[in-house]
Amino acid sequence: MKIAVCIKRVPVMDRRFTIAPGGTTIDEVGLAYDVNDFDLWAVEAALRLKEQVGTGEVVVLSLGPDVVQEQIRKALSMGADRGIHLQAASVGADDLPVARALADALRDGGYDGIFLGRLAVDRANGVTGPVIAELLGLPCVTAVSKLEIANGRGRAQRELEGAQEIVEFPLPAVITVDQGLNTERLPTLKGIMGAKKKPLEVRPVTLDAPRVTVRRLALPPERIGGRIIGEGVGAVPELVRLLHDEAKVL
Amino acid sequence: MTTDFFAIDGSLAEEERAVRDSVRRFVEAHVLPIIGTCYVDGRFPRELVGPLAELGVLGANLPETYGCAGLNNVAYGLIMQELERGDSGIRSFASVQGALVMYPIFAFGSEEQKRHYLPKMAAGEIIGCFGLTEPDFGSDPGGMLTTARQDGSRGWVLNGAKMWITNGSMAQVAVVWAKTGDAEHSIRGFLVPTDTPGFTAKDQKGKLSLRASDTSELVFQDVRLPADAILPLSGGLKSPLLCLTQARYGIAWGAMGAAMACFDEAVAYSKTRVMFGRPIGGFQIQQARLADMLTEIVKGQLLALHLGRLKDAGTATPQQVSLAKRNNVSVATDIAREARRLLGGNGILAEYGAMRHMENLESVYTYEGTHDIHTLVLGQAITGLDAFR
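Residues numbered from 1 in each chain as written. Chains lettered and ligands numbered in written order. Predicted model: local features only at pLDDT ≥ 70, side-chain atom pairs only at ≥ 80, totals over all residues. Heavy atoms only, no water.

## Focus: the packing of helix H1 (residues 37-53) of chain A against helix H2 (residues 68-78) of chain A
All names here are of chain A. Where H1 contacts H2, the two axes come as close as 10 Å, and the packing angle between them is 35°. When the axes of H1 and H2 are compared, the crossing they make is right-handed. Residues Leu-40, Val-43, Glu-44 and Leu-47 of H1 form the contact with H2, whose participating residues are Lys-74, Ala-75 and Met-78. For the contact of H1 with H2, the class distribution of residues is five nonpolar, no polar and two charged. (Axes fitted to C-alpha atoms, helices over the stretch in contact; angles between N-to-C directions. Helix = DSSP H or I, 4+ residues; strand = E, 2+ residues; numbered from the N terminus. Left-handed = near helix turned anticlockwise from the far one by under 90°. Contact = heavy atoms within 4.5 Å. Nonpolar A, V, L, I, M, F, W, Y, C, P; charged D, E, K, R; others polar.)

Printed below as a string of structure tokens:
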């Protein structure tokens, strides 16, 4: 079982974000970075599958500047076997060139499965996986919350709005992982030290010119506090009036 | 708001940050949910020994050839910081196992002793304790009464008692320091399996601090040991003191972990607790508290980190370790108390961490060289005049 996992370096979300001068990017000062949560679950799914089968290889790919090697090494410290850094100085807002570069790197790899997170928590486009599948002509199963693989076929549960869908598919396939599939393991301290000795191949890539560009970033409006208009039955007519005339929800 | 106000993260290597983050997440997932209850119940959470070993924190700065993680001293310090962010008792367990038992076996033991003990201790299969302090000899360990006399068959017979021994009741092996003659330089270390006849360990009851930690009294009555129970390279009081320097180094980091936990809790509380119609964090008196706390945390972090870099370069002195332990534990104790006060009445509840940390740190202030003894160590270093000899 040979599985590729595509991971993305994203800002840790518990910080307060500000917009950088120019208005199209966030200010990176003071931010911490980690592997996208959904991608960590994809790594964990790949590791468990390899452990279940008993043999195989888990290869981790990430695209971007040299700093993404830190995230690749985190996946290696969790137990992945080797990493491929697709080196690009910067990555724009258009996911098609990203998916193309990943698909080119994956095409002749002989992978039984290509795992990604359902989306990255920074931009939340959620299209890289499906576009890779399209470019490689592979079946694509998105938002997987349960996964079984046996005899060259997969069976997955997908999370829909208010429903679940069970699908079956042949391998190789592209699978995007949703919350709930697993909880990722912590890198052990020996794993962290061992990751430095695992192979990490650097392949420079040239991305196609982006066709989507960010014009403007804006922070959500400050939430204003609630208003107490009265208590008991007497306040109801005024509440209904405000909901109708002001909030316009009735 | 984070405690990394001076972007110290940028001075850490990638694997140092990775180690810190793994241990922090472990503590958040496994220690914080149970520690308040353990503390109230007076119970060390033994169920965490296996998972802590699996994570690799036990003797983490010892070499990989003995089953350890082979980390540098800064990464080791960060582990202590994160464990004590959880509780001083958890950090004390790891300090004793790693710095006071595995380290002396590594530094003073035979190759056979190292190969037998270190991998099993890294795996948490053998728990160790360290017996130096006696009921009447704390700050002055050279006066110890415990003796090891050679019998006719070249084996050893151990007699005496030790007190305030962390991990004492649950340990399978004790590193016991005893006099083989009359003088201080006759002090040697012995590896004593705790199931040896004549060895007894008794839990010390009634602690109002370090309640989530095993603290015991050890008694040796004609404990017969084979000739090879001795740590062959140990010699004189300087051997156990060398171990204590290792442990104190970790404490300088650990205390900052407890301080950060208290600060984070105080900041969060100050922003949500409303009094006089607004969050108490908006009042100058609480802001002054928080500003003082953060300032001391930043200074303590920088001190610990620089000491770690000196230690990794092999140039750190015991006096520098004394300064860092003395300062960081003292300011952490003050920070915990101020956090407790900021939390008002809620601050006395086990639901919050501040008072637990405050009580714990009173022990940390006193153990591993009291604050006062470290003051005299520094006084000696400054003046060249020894105040306690």
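The discussion continues.
## Observations concerning the domain arrangement of chain B
All names here are of chain B. With domains assigned, chain B is organised as domain 1 (8-122), domain 2 (128-229) and domain 3 (238-383). Domain 1 and domain 2 are separated by 23 Å when their C-alpha centres are compared. Across the boundary between the two partners, domain 1 contributes 25 residues, which contact 21 residues of domain 2. Roughly 1,700 Å² is buried in total at the junction of domain 1 and domain 2, and carbon and sulfur atoms are behind 66% of that figure. Across the contact surface, domain 1 and domain 2 share zero salt bridges. Where domain 1 touches domain 2, the interface holds five residue pairs in polar contact (both at pLDDT 80 or more). Those elements that provide at least two residues to the side of domain 1 that touches domain 2 are helix H1 (14-41), helix H4 (88-108) and helix H5 (111-122). When residues of the side of domain 1 that touches domain 2 are assigned to their parent elements, the largest contribution, eleven residues, is made by H4. (Domains from an automatic or database assignment. Buried area = accessible area lost by both parts, 1.4 Å probe. Salt bridge = Lys/Arg side-chain N within 4 Å of Asp/Glu carboxyl O. Polar contact = N/O pair within 3.5 Å; in protein donor to acceptor, adjacent residues only side chain to side chain.)

## With respect to the pattern of salt bridges
Inspection of every chain in the model, using the stated rule, returns 39 salt bridges over all chains. Of the charged contacts in the structure, one is a salt bridge between A:Arg185 and A:Glu51, with a shortest N-O distance of 2.7 Å. Of the two residues, A:Arg185 is situated in the loop between strand E10 (173-177) and helix H5 (189-195) and A:Glu51 in helix H1; the sequence distance between them amounts to 134 residues. Notably, a salt bridge pairs B:Lys299 with B:Glu296, separated by 3.0 Å at the nearest N-O pair. Of this pair, B:Lys299 and B:Glu296 both sit in helix H7 (residues 284-312), three residues apart, which is roughly one turn of the helix. Each of the salt bridges in this network shares a partner with another, and the network as a whole consists of A:Glu44, A:Arg48, A:Glu51 and A:Arg185.

## Regarding helix H8 (residues 318-342) of chain B
For H8(B), which comprises 25 residues, the first-to-last C-alpha distance of 36 Å matches the rise-based estimate of 36 Å (1.5 Å per residue) to within 8%. Residue B:Gly344 follows H8(B) closely and has a positive phi angle near 60°. (Expected span 1.5 Å × (residues − 1).)

## A closer look at the environment of A:Leu217
All names here are of chain A. Its location among the elements puts Leu-217 in the loop between strand E11 (200-204) and helix H6 (236-245). By relative accessible area, Leu-217 is classed as partly exposed at 33%. Counting along the chain gives 24 residues from Leu-217 to Arg-241, while the straight-line C-alpha distance between them is 35 Å. When near neighbours in sequence (up to four residues on either side) are disregarded, Leu-217 contacts Ile-19, Gly-23, Thr-24, Thr-25 and Ile-26. (Buried < 20%, exposed > 50% of the residue type's maximum accessible area, 1.4 Å probe, protein only.)

## Considering H1(A)
Residue and element names in this part refer to chain A. For H1, built from 17 residues, the straight-helix expectation of 24 Å at 1.5 Å per residue is met to within 8% by its first-to-last C-alpha distance of 25 Å. The buried count for H1 comes to twelve of 17 residues, which makes it a mostly enclosed element. The complete set of buried residues in H1 reads Phe-38, Asp-39, Leu-40, Trp-41, Ala-42, Val-43, Glu-44, Ala-45, Ala-46, Leu-47, Leu-49 and Lys-50. Just downstream of H1, Gly-54 is the residue with a positive phi angle, here 95°.

## Quick notes on the sheet that holds strand E8 (residues 153-160) of chain A
Residue and element names in this part refer to chain A. Across the sheet, which stays open at both edges, the nine strands sit in the order E9-E8-E7-E10-E6-E1-E4-E5-E11 with mixed pairing between neighbours. A strand with exactly one partner marks an edge of an open sheet, and here the two such strands are strand E9 (163-170) and E11. Pairs of neighbouring strands in the sheet enclose a mean axial angle of 30°, with direction left out of account. Two strands pair when backbone bridges link them, and strand E6 (residues 113-117) and E10 are joined in this way by five bridges, in the parallel orientation. When the sheet's bridge partners are listed, Phe-115 is paired in E10 with Ile-175. In this fold H1 packs onto strand E1 (2-6), strand E4 (57-64), E6, strand E7 (140-150) and E10, with an angle of close to 150° to the strand it touches most, E6. The sheet strands contacting H2 are E4, strand E5 (82-87) and E11, and the helix crosses E5 at an angle near 165°. (Pairing = 2+ DSSP bridges.)

## Digging into the nonpolar core
Counting residues in each nonpolar core, the largest one holds 74 residues, and the members touching the most others are A:Leu189, B:Val23, B:Leu71, B:Ile79, B:Leu83, B:Phe130 and B:Trp177. Broken down by element, the residue count for this core peaks at eleven residues, all from H4(B). Membership of the second largest hydrophobic core comes to 33 residues, among which are A:Val5, A:Phe38, A:Ala45 and A:Met78. (Core = buried A, V, L, I, M, F, W, Y, C linked by side-chain atoms within 4.5 Å.)

## Quick word on the packing of helix H3 (residues 73-86) of chain B against helix H9 (residues 354-366) of chain B
Residues and elements named next belong to chain B. As a packed pair, H3 and H9 sit with axes 10 Å apart at the nearest point and diverge in direction by 130°. Put simply, H3 runs oblique to H9. On the side of H3, the interface is formed by Glu-84, Arg-85 and Gly-86, while H9 contributes Arg-356, His-357, Leu-361 and Val-364. Of the residues in the contact of H3 with H9, the class split is two nonpolar, two polar and three charged. (Parallel < 35°, antiparallel > 145°, perpendicular 65-115°, else oblique.)

## Focus: the interface of chain A and chain B
Listed per partner, the contact involves 15 residues of chain A and 22 residues of chain B. Both faces considered, chain A and chain B share a buried interface measuring about 1,400 Å² in area, 58% of it formed by carbon and sulfur atoms. Summed over the three residues of chain A that lose the most area to chain B, namely A:Leu186, A:Leu189 and A:Met193, the buried surface amounts to 42% of that side. Run the count over chain A and chain B and you get five salt bridges. Among the salt bridges present, the one from B:Arg25 reaches A:Asp34, with a minimum N-O distance of 2.9 Å.

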